Amino acid sequence: MSTIIIDSYLCNACQTCIEMCPDVFELSELTGKAELIDPDQEVTAAIRQAAAFCPEKCIEILD
Ligand code: SF4
C-alpha cells in the first residue's frame, strides 16, 4: 500500500493541494499546515498531481 507523507516543516500553507483535492487535504487548525483528512487515504492520480504541484515539494508518496 502506498503512503502519503506531508512534511509540515516545509509546507508554506499555500493551499494548492487543498484546492486540487479538497476531500483529501485540509489545513490543520493546530499547526496551520496541510494535513490528510484521512490518514489511511488511498493514493489517487489526483493526489499524485497535487504532490507534483506542491511548490515546496513536501508531499511525498512512498510506493
Ligand atoms: S501544496 Fe504543499 S506547500 Fe501548499 S499547502 Fe499543500 S503541502 Fe503545503
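Bear in mind the structure is a predicted one, so any value in this text is a computation, not a measurement. (Residues numbered from 1 in each chain as written. Predicted model: local features only at pLDDT ≥ 70, side-chain atom pairs only at ≥ 80, totals over all residues. Heavy atoms only, no water.)

1. A short note on unusual backbone geometry
You will see that Ala13, though not glycine, has its phi angle at about 60°, which is positive. Note on placement: Ala13 falls in the loop between strand E1 (3-6) and helix H1 (16-20). In the Ramachandran plot, Lys57 falls in the positive-phi region, its phi being about 55° despite a non-glycine side chain. By secondary structure assignment, the location of Lys57 is in the loop between helix H2 (45-53) and strand E4 (59-62). (Helix = DSSP H or I, 4+ residues; strand = E, 2+ residues; numbered from the N terminus.)

2. Details of the site of the ligand
Contacts to the ligand come from 13 residues, most closely from Cys11, Cys14, Gln15, Cys17 and Cys54. Here the ligand is seated within the largest cavity. Looking at the shell around the ligand residue by residue, the classes come out as 9 nonpolar, 3 polar and 1 charged. (Near = heavy atom within 4 Å. 1 Å grid on protein atoms, 1.4 Å probe; cavity = no way out; pocket = protein on both sides within 12 Å on 5 of 7 lines; lining within 4 Å. Sits in = over half its atoms within 2 Å of the grid points. Nonpolar A, V, L, I, M, F, W, Y, C, P; charged D, E, K, R; others polar.)

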